[in-house]
Amino acid sequence: MTLGFSNPEVPLFEQEVRSLLKTHCFECHGEGEKLKGGLDLRLKKLIVKGGDTGPSIVLSAPEKSLLIAKVDSQEMPPGKKKLHKQEIELLKLWISTGAKTASIEPDKIASGFMITENERNHWAFRKIKDPIIPQIKNTSLVKNPIDAFVLHKLESKGLTLSKNVEKHLLLRRAFIDLIGMPPTPLELDFFLNDNSTDAYEKQIDMLLKSPHYGERWGRHWLDVAGYADSEGFDGSDIIRTSAYHYRDYVIRSLNEGKPLNQFIIEQLAGDELLKAPYQSTSSADLEKLIATGFLRMAPDGSSAKDVNIKLSSNQTIADTIQIVSTSLLGLTTQCAQCHNHRYDPISQADYYKLRAIFEPALNWKAWKTIASREIKIQYPQDKTKSAELEAKALAIDKKKTELLNTIQKVEFEKSLEKVPTNLHSEIKKAFETPILKRNVAQKKILSDYPNSNVNAALIIQRDAKLSLEFKAYTDEAEKIRSLKPAIASYRVLTEEPGITPTTNRFERGDYEQPKELIKPGHFDLFASHNLGVIPEDDSSIPTTGRRLAFAKSLVSENHPLTSRVLVNRFWMHHFGQGIAGNPADFGKLGEAPSHPELLDWLALNFMKSGWNLKEFHKLVMTSNTYKQTSLRTEMLQKVDPANKLLGRMNVRRMEAESIRDSILRISSKINEKLYGPPVPVTPDDYGQIIIGTDTRDGAGRFTGKKVDLKGEEFRRSIYIQVRRSTPLAVFESFDAPIVTPNCEHRNFSTSSTQSLLMLNSQFIQEHAEHLALKLQKEAPANIEEQIKLAWTLIYTSSPTKDECDLSLAFIKEQTNSFSKSVVKKESNPELQSLTAFCQGLLISNRFLYVD
């Protein structure tokens, strides 16, 4: 990868050259345990001094410099990764212009890894400061400070904000942004006819209260969390039966408006907020435990066949650290697992400090099986209900026992007629003595007179009437017990009390080469940010407290990354691109923010609001920046073709899940049930992954059986089972996340397979017909009204006269064609043509993209 150098006329060592040498050379010449060839390249004066073979550069003479000779000949750096021509030219330019530095260098520096002031001053590592809201020329365009920051940049380029988008398109944009589905015709009419000044704000408030909001924004978080209903790791891709509890926790938390700082603390250290054992856990506390499922989302090969547990457990830990780092820190920390980070000021020791925070709960030296790491808990109210139901069932059991005893007594009394009178007392005593406590004499007398050894159960079996009284008791007790709430199993993360494993730095990342002990701590990069101390073992709580301290530091107002990373990601979901272009890489290789002051203002405002995500939405969505039309102008295309300055809204394609959910809503087939186990997926006869129960036999052959899912197949996409190895076909074609281990940023591709899917998918065809039937029901015998209704449902707008005329002509032509090709008497040409029309609208870009 080539670094993005500004390539000034006089490059400076600290700003351009050092980062190049750090990437390619420092591991051997400065930051390693030993200096190879005695050469240290970390300061300009050390480069001039050189190593065992003499000076590395000759000032103003790159052609005489050993450093240039080595990289030009590709002798250095060793290995396959060499310097690009652009990078070599930069070195030559630096030397030829006198090898300048930005400041006076120290006389000497400590050996090994070091962080320069230039690195500490990288935009993402500086303390978040409250920027001054800029003054702009056209104040009438400023709805809130967002507009002021955006206009300030635009006006500096002779540009301004675009006009507001039409009302119906703004409503569609808001609905899809907040709940992932378009408005109904009734919701559209209500908004268009509401002339109050706060009509739009009321719509946003209504959407933020919708249970569908948590489903929509929960999906965004589950991407970066790496949520999956299977383990991954190998082809077996074992199912995770209890992972969905974490998914439901995320949805509930967002719907409830849980502050995001609390949301983060619970996911990183929910168990450390409680005390083990967890059997008396309240509903609220159980939520905290479920939240730690965040740290159990990484692929886990513990249950795979013939697995190397040491290898797989260490990979799971590494993947977990990657998920935490990319989602919350916006850093590629995983690059420091084997050596110091080549681009960012993160040492290998820093990486293992972070690993030490999680190791008490993810102890690879005493790795637990997946099943043994789960906990089984009932909510207190469920326990109470179970106890009440068991008491009722026991009362039925008592009646059944009394019946047995009565039959037993009656039959025994009858049997005494065949026993000599003088033995009645002895036999009666033997009979009433429990079987296991009978002595030899008692057993003998009962054996001598077998008729007296009555078996009430056999008598009941032989008597049809008694068998039905008795069966009723059994059935009633079983029915009552079946109503007991199940004891659920939860995929959570906990520590073993009293066990604090040590953490070693692994040479080259190899767990079989442990080196020095590493204590938990923050990156050296953050030493000046007052983030507090990560304890080795917090004596005030039963656990080590490491994760809890780390989580609290992340949501501290002093942390330079967390709030920036979060608001940038939220902004990306509203605008299609982040203020900083790489949401999971705020380091050297990441794209610098287009509006750094706006990013800081949003981050600080977000923290001041109590980490309130819903308030963030409203702030962004009521700005004129958000309300802009997406229309391109000649001036905008010339000055800002990539729309980095935000002089218009970006056109965005809906995500795979929103496409499917929108179609379900439009066709009125959607099942709006919340929460619960995932809806299964399975391969069909053609190998495509569809919704359904796998009915293949033991040899993997298709049996042809179909299992009725009872409407579950129409649930929202967030509830569809996420198999790492077998994503749903419609999701895969439209760039659903590939969670290996998580999805930092979705791709939005355009391919022929998407068009083919929309044309040939059974799902699309079936729901086009469902929609056609709905149109016929709501606007019977009126094709023009059916066209208008379809247009409103799919596009959130009314068709123009030309569009209506073209649609009418298409339907008539299709009806005529289907009429001529009727094969079966039950065929319906009118329905077929309307279905074709509906499918045509559903596969159009106008539906798939948000304007």
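Residues numbered from 1 in each chain as written. Predicted model: local features only at pLDDT ≥ 70, side-chain atom pairs only at ≥ 80, totals over all residues. Heavy atoms only, no water.

Trainee: What is the right way to look at the packing of helix 31 (residues 783-795) against helix 32 (residues 801-820) in this model?
Mentor: Any two packed helices are characterised by the angle at which their axes cross and by the distance between the axes. For the pair helix 31 and helix 32, interaxial distance at closest approach is 10 Å and the crossing angle is 115 degrees. Between helix 31 and helix 32 the crossing geometry is right-handed. In contact with Ile783, Glu784, Ile787 and Trp791 of helix 31, helix 32 contributes Glu803, Cys804, Ser807, Leu808 and Ile811. Of the residues belonging to the contact of helix 31 with helix 32, the class tally is six nonpolar, one polar and two charged. (Axes fitted to C-alpha atoms, helices over the stretch in contact; angles between N-to-C directions. Helix = DSSP H or I, 4+ residues; strand = E, 2+ residues; numbered from the N terminus. Left-handed = near helix turned anticlockwise from the far one by under 90°. Contact = heavy atoms within 4.5 Å. Nonpolar A, V, L, I, M, F, W, Y, C, P; charged D, E, K, R; others polar.)

Trainee: Would you mind going over the nonpolar core with me for this structure?
Mentor: Among soluble globular proteins, nonpolar side chains are generally buried collectively. By size, the foremost hydrophobic cluster in this structure holds 136 residues, and its most contacted members are Trp221, Tyr246, Leu268 and Leu602. Ignoring anything within four residues of it in the chain, the contact list for Tyr246 reads Trp221, Leu222, Ala225, Tyr227, Gln267, Ile290, Ala291, Gly293, Phe294 and Met297. (Core = buried A, V, L, I, M, F, W, Y, C linked by side-chain atoms within 4.5 Å. Buried < 20%, exposed > 50% of the residue type's maximum accessible area, 1.4 Å probe, protein only.)

Trainee: I keep staring at helix 21 (residues 546-554) and nothing clicks. Help me out?
Mentor: Because each turn of an α-helix spans 3.6 residues, side chains separated by three or four positions in sequence point in the same direction. A large share of helix 21 lies buried, amounting to eight of its nine residues. Arg546, Arg547, Leu548, Ala549, Phe550, Ala551, Ser553 and Leu554 are the residues of helix 21 that are buried. Buried residues in helix 21 make contact with helix 12 (260-269), helix 14 (309-329), helix 15 (348-358) and helix 22 (562-575).

Trainee: What should I look at first to understand helix 18 (residues 440-448) in this one?
Mentor: Of the positions making up helix 18, those classed as buried are Gln442, Ile445 and Leu446. Within helix 18, the buried residues cover an arc of 100 degrees as seen down the axis, which keeps them to one side. Of the exposed residues in helix 18, those oriented more than 90 degrees away from the buried face are Val440, Lys443, Lys444 and Ser447. At the N-terminal boundary of helix 18, the capping side chain belongs to Asn439, with an oxygen 3.2 Å from the backbone nitrogen of Ala441. (Arc of directions from axis to C-beta. Polar contact = N/O pair within 3.5 Å; in protein donor to acceptor, adjacent residues only side chain to side chain.)

Trainee: Would you explain the packing of aromatic side chains in this entry?
Mentor: Each aromatic ring pair is described using two quantities: the centre-to-centre distance and the angle formed by the ring planes. Counted by the stated rule, this structure contains 21 aromatic pairs. Ring plane angle 45 degrees and centroid distance 4.9 Å describe the contact between Trp123 and Phe586, whose orientation is recorded as tilted. You can see Trp123 sitting in the loop between helix 5 (117-120) and helix 6 (145-156) and its partner Phe586 sitting in the loop between helix 22 and helix 23 (596-608), a full 463 residues away along the chain. Taken individually, Trp123 and Phe586 each receive the classification buried, so the pair is uniform in this respect. Seen from their ring centres, Phe575 and Tyr626 are 6.0 Å apart, and the 90 degrees between their planes marks the pair as edge-to-face. Highlighted residues: Phe575 in helix 22 and Tyr626 in helix 25 (residues 624-627), separated in sequence by 51 residues. Taken individually, Phe575 and Tyr626 each receive the classification buried, so the pair is uniform in this respect. (Phe/Tyr/Trp six-rings, centres within 6.5 Å; stacked < 30°, edge-to-face > 60°.)

Trainee: What is the right way to read the pattern of salt bridges from this model?
Mentor: Pairs may arise between side chains of opposite charge once their charged atoms sit close together. Throughout the structure, instances matching the rule amount to 55 salt bridges. Of the charged contacts, one joins Asp130 and Lys608 as a salt bridge, the two residues approaching to 3.3 Å between their closest N and O atoms. Here Asp130, found in the loop between helix 5 and helix 6, pairs with Lys608, found in helix 23; they are 478 residues apart in sequence, far enough to count as distant. Judged by relative accessible area, which is 47%, Asp130 ranks as partly exposed. With a shortest N-O distance of 3.1 Å, Glu215 and Arg716 are connected by a salt bridge. Taken together, the residues span a long stretch of sequence, with Glu215 in helix 10 (residues 211-225) and Arg716 in the loop between strand 7 (689-691) and helix 28 (729-733) at a distance of 501 residues. Residues Glu215 and Arg716 agree in their burial class; the two are buried. (Salt bridge = Lys/Arg side-chain N within 4 Å of Asp/Glu carboxyl O.)

Trainee: Could you clarify how one ought to interpret unusual backbone geometry in this entry?
Mentor: When glycine is set aside, most residues are seen to have a negative phi, and most peptide bonds are trans. The linkage connecting Met76 with the following residue, Pro77, adopts the cis geometry, with an omega of -5 degrees. Here Pro77 is to be found in the loop between helix 3 (66-72) and helix 4 (85-96). Look at the link from Ala276 to Pro277: it is a cis peptide, with omega at -5 degrees. Structurally, Pro277 is set in the loop between helix 12 and helix 13 (283-291). Residue Arg508 is not a glycine yet carries a positive backbone phi of 55 degrees. Note that Arg508 resides in the loop between strand 3 (504-506) and strand 4 (514-517). For Arg508, a relative accessible area of 47% translates into the label partly exposed.

Scope: geometric values only; no functional claims are made or implied.
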